[in-house]
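Residue-level listing of the chains:
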Amino acid sequence: MVVGAGRAGCRIAHELARRLKIEAVLLDTDELTLRALQHRHSLLVGDRLLDGNGTGRDLSMGRDAFDGDRYRVVEVIDRVKKVFDCLVVVSAYGGGTGGAADVLIDELKRSYSEPVYHLGILPDEDAEPRVLANFAQSFRRIAEVSDAVFPVDVASLSRGRVQTQLNAVNRRVVECFSRLLRVGEYSSPEELGSRVLGARDVINTLSGVSTLGFAARELGKDAPTPELVVELTKQASSSPVLPCRVESASRALVVVYGPRKYTDFVGSIPARLWIEENVCAEVRGGDVPVRGAERVEVMVVYSGIAESERLRYLYALAKGAAEGRLQAAKLGERLRLLEAKAEEVASLAKGLHSLLEEVESGGRREG
Ligand SMILES: Nc1nc2c(ncn2[C@@H]2O[C@H](COP(=O)(O)OP(=O)(O)OP(=O)(O)O)[C@@H](O)[C@H]2O)c(=O)[nH]1
Ligand SMILES: [Mg+2]
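All values reported here derive from a predicted model rather than from experimental measurement.

Asks: Help me out: how do you make sense of the site of ligand 1 in this one?
Replies: In the vicinity of ligand 1 lie 27 residues, with Gly 6, Ala 92, Gly 95, Gly 96 and Gly 98 positioned nearest. Residue assignment for the shell around ligand 1 shows that the elements contributing at least two residues are α1 (6–20), β4 (87–92) and α9 (166–182). Residue classes in the shell around ligand 1 are distributed as 9 nonpolar, 13 polar and 5 charged.

Asks: Help me out: how do you make sense of the pairing of strand β6 (residues 148–152) in this one?
Replies: Within a regular strand, the side chains alternate between the two sheet faces. Of all the 5 residues making up β6, 5 are buried; the element is thus mostly covered by neighbouring parts of the structure. In β6, alternate side chains face the same way, and those of Ala 148, Phe 150 and Val 152 on one face and Val 149 and Pro 151 on the other are all buried. Looking at chain direction, strand β5 (residues 116–121) and β6 are connected through 5 bridges and run parallel. Residue pairing across strands places Leu 119 opposite Phe 150, the latter belonging to β6. What joins β5 to β6 is helix α7 (residues 129–145), and the crossover it makes is right-handed. With 2 bridges connecting them, β6 and strand β7 (residues 208–218) associate as parallel partners. Its bridge partner lying in β7, Ala 148 is registered against Gly 208.

Asks: When you look at the domain arrangement of the protein in this model, what are you seeing that I'm missing?
Replies: One widely used convention gives an interface's size as the accessible area the parts lose upon coming together. Under the domain assignment, the protein is made up of domain 1 (2–182), domain 2 (191–303) and domain 3 (325–366). Once you take the C-alpha centre of each, domain 2 and domain 3 turn out to be 37 Å apart.

Asks: Help me out: how do you make sense of helix α11 (residues 226–238) in this one?
Replies: Since the α-helix advances by 3.6 residues per turn, residues separated by three or four positions end up pointing in the same direction. An ideal rise of 1.5 Å per residue puts 18 Å on 13 residues; α11 measures up with 18 Å between its terminal C-alpha atoms. Here α11 has its buried residues at Val 229, Leu 232, Thr 233, Ala 236 and Ser 237. One side of α11 holds all its buried residues, which, seen down the axis, span an arc of 135°. Opposite the buried face of α11, by more than 90 degrees, sit the exposed residues Glu 227 and Ser 238. Residues of α11 that are buried sit in contact with β7, β8 (251–258), α13 (269–278) and β10 (295–303).

Asks: How do you make sense of the nonpolar core when you look at a structure like this?
Replies: Core analysis: the biggest nonpolar cluster contains 99 residues, and Val 3, Ala 13, Val 89, Ala 252 and Val 254 have the highest contact counts within it. Here this core takes 8 residues from α7, the largest share from any one element. Each of domain 1 (2–182) and domain 2 (191–303) gives at least three residues to this core. When residues no more than four places from it in sequence are discounted, the contact partners of Val 3 are Ala 13, Ala 24, Val 25, Leu 27, Leu 87 and Val 89.

Asks: Help me understand the packing of helix α5 (residues 70–80) against helix α6 (residues 101–111) in this model?
Replies: The axes of two packed helices give the description: the angle between them and the distance between them. Following both chains from N to C, one finds α5 and α6 inclined at 60°, their axes separated by 10 Å at the closest point. Between α5 and α6, the angle falls in the class oblique. Between α5 and α6 lies a crossing of right-handed hand. Residues Arg 70, Val 73 and Val 74 of α5 form the contact with α6, whose participating residues are Leu 104, Glu 107 and Ser 111.

Asks: Mind showing me how you'd approach α13 here?
Replies: Along α13, the residues classified as buried are Pro 270, Ala 271, Arg 272 and Ile 275. Close packing links the buried residues of α13 with α11, β8, β9 (282–289) and β10.

Asks: What exactly am I supposed to notice about the sheet that holds β9 here?
Replies: The strands that make up a sheet are held in pairs by hydrogen bonds between backbone atoms, and each pair lies either parallel or antiparallel. Taking strand neighbours across the sheet as the criterion, the 10 strands line up as β3-β2-β1-β4-β5-β6-β7-β10-β8-β9 in an open arrangement whose pairing is mixed. Each of the sheet's edge strands pairs with one partner strand only, and the pair in question is β3 (42–44) and β9. Neighbour-to-neighbour, the strand axes of this sheet turn through a mean angle of 20°, independent of strand direction. Sitting on the sheet, α5 touches β2 (24–28) and β3, and the angle it makes with β2 is about 160°. With respect to the sheet, α13 is in contact with β8, β9 and β10, its orientation differing from that of β9 by roughly 160°.

Asks: Looking at this structure, I do not really get the environment of Val 290. What am I missing?
Replies: Relative to the helices and strands, Val 290 is located in the loop between β9 and β10. Exposure remark for Val 290: the 18 C-beta atoms within 10 Å place this residue in the partly exposed category. Sequence separation between Val 290 and Leu 192 is 98 residues, and the spatial gap between their C-alpha atoms is 9.3 Å. Discounting chain neighbours no more than four positions away, the residues touching Val 290 are Tyr 257, Gly 258 and Pro 259.

Asks: Explain the environment of Tyr 313 here, please?
Replies: Mapped onto the elements of the fold, Tyr 313 is located in helix α14 (residues 309–322). Overall, Tyr 313 belongs to the partly exposed group, with 16 C-beta atoms counted inside 10 Å. Along the primary structure Tyr 313 and Glu 247 are separated by 66 residues, whereas in three dimensions their C-alpha atoms are 19 Å apart.

Asks: Any chance you could explain the pairing of β7 here in plain terms?
Replies: Two strands pair when backbone bridges link them, and β7 and β10 are joined in this way by 9 bridges, in the antiparallel orientation. By the bridge assignment for β10, Arg 217 is matched with Val 296.

Cut-offs and rules
- Residues numbered from 1 in each chain as written.
- Chains lettered and ligands numbered in written order.
- Predicted model: local features only at pLDDT ≥ 70, side-chain atom pairs only at ≥ 80, totals over all residues.
- Near = placed C-beta within 6 Å.
- Helix = DSSP H or I, 4+ residues; strand = E, 2+ residues; numbered from the N terminus.
- Nonpolar A, V, L, I, M, F, W, Y, C, P; charged D, E, K, R; others polar.
- Buried ≥ 20, exposed ≤ 12 C-beta atoms within 10 Å, placed from the backbone.
- Pairing = 2+ DSSP bridges.
- Right-handed = clockwise from strand over helix to strand, strands pointing away.
- Domains from an automatic or database assignment.
- Expected span 1.5 Å × (residues − 1).
- Arc of directions from axis to C-beta.
- Contact = placed C-beta atoms within 7 Å.
- Core = buried A, V, L, I, M, F, W, Y, C linked by C-beta atoms within 7 Å.
- Axes fitted to C-alpha atoms, helices over the stretch in contact; angles between N-to-C directions.
- Parallel < 35°, antiparallel > 145°, perpendicular 65-115°, else oblique.
- Left-handed = near helix turned anticlockwise from the far one by under 90°.

As structure tokens, this is what we get:
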């Protein structure tokens with residue numbers, strides 16, 4: 001069950017539901033956003049406080065809006081669907097409405113026993129200071145109440161200026177996450193491989209900061225090989241929707257999609273082994289045979305991530321913005337980057353120096 005909150009959240013949730021043919025509930029404080037999407041199940045929240053015009057990036061208004069409408073939100077969800085494996089809330093951390101998703105998630109945790117995950121759009125570094133400041137406040141709160149969070153770095157999903165490419169970013173987000181939400185939703189025996197993953201496997205993998213990556217290769221006339229699957233696994237692991245050190249994750253899940261001739265025999269086994277040896281120890285793997293497949297695809301999910309330089313960087317800017325010193329924070333971060341580069345150069349120079357010494361002493365010996 002997908003729940004969108006605020007403009008970005010509603011737009012992405014709407015697309016996810018359409019792509020997956022599942023139900024979604026859209027919640028916003030802005031009547032225009034909801035009207036533009038014409039989704040079947042929408043609710044204008046906080047309309048008694050805010051007259052339906054959004055919060056104008058005011059996080060505390062967004063929180064009041066959700067708080068006052070806890071009961072109505074649950075009522076709508078109950079009306080739409082009674083049985084689901086988990087709830088996925090989608091929103092932008094920087095919105096006044098989307099950033100208040102922690103209040104919504106808090107209510108969902110009280111009302112349902114299923115896990116609640118958050119898919120969050122990170123602000124880009126050139127976002128308006130209020131959007132950045134909202135992120136500084138909302139991220140921790142949302143992460144604390146959710147069973148797992150998927151922060152999405154929009155810069156990694158777009159080329160060039162982010163703001164002009166929101167539709168393209170949304171499409172990429174939907175492409176990636178619809179794969180994950182489809183795990184365990186098999187409509188015919190044809191989709192069942194010899195290693196089948198269920199919703200339980202996903203739930204047992206997810207907790208804390210999580211991310212996913214994706215890689216595919218057209219097959220042409222060639223049959224897939226274990227080497228190719230390992231290569232795609234590496235590729236997917238190096239370009240997740242949140243740039244991070246995947247080795248700092250505590251659990252992983254990998255799914256291989258391809259022709260049944262391959263998936264039934266070798267399938268995800270080499271991918272799982274590679275992750276186990278090179279990334280983290282707890283790995284679940286499965287296969288989805290695709291009829292008439294002309295490509296092999298690999299999806300990796302990493303959860304319990306402890307290190308993401310990108311998240312740290314955006315958070316530092318956001319804290320600067322929240323304290324009214326965004327420019328100083330930006331300069332500080334640039335300085336950090338330069339220092340790291342300088343260290344790199346220094347260690348390169350040291351390496352070069354000892355190499356030269358070796359060559360010289362070798363030369364003296366020969367002499
Ligand atoms: N990926 C993506 N980001 C969006 C979209 N719309 C807005 N954003 C980003 O989301 C952040 C602002 O959040 P919104 O979703 O517009 O705000 P909201 O949750 O509706 O909250 P308020 O309008 O402030 O009450 C900014 O970082 C925008 O760049 C979208 O369709 N896709
Ligand atoms: Mg809005």
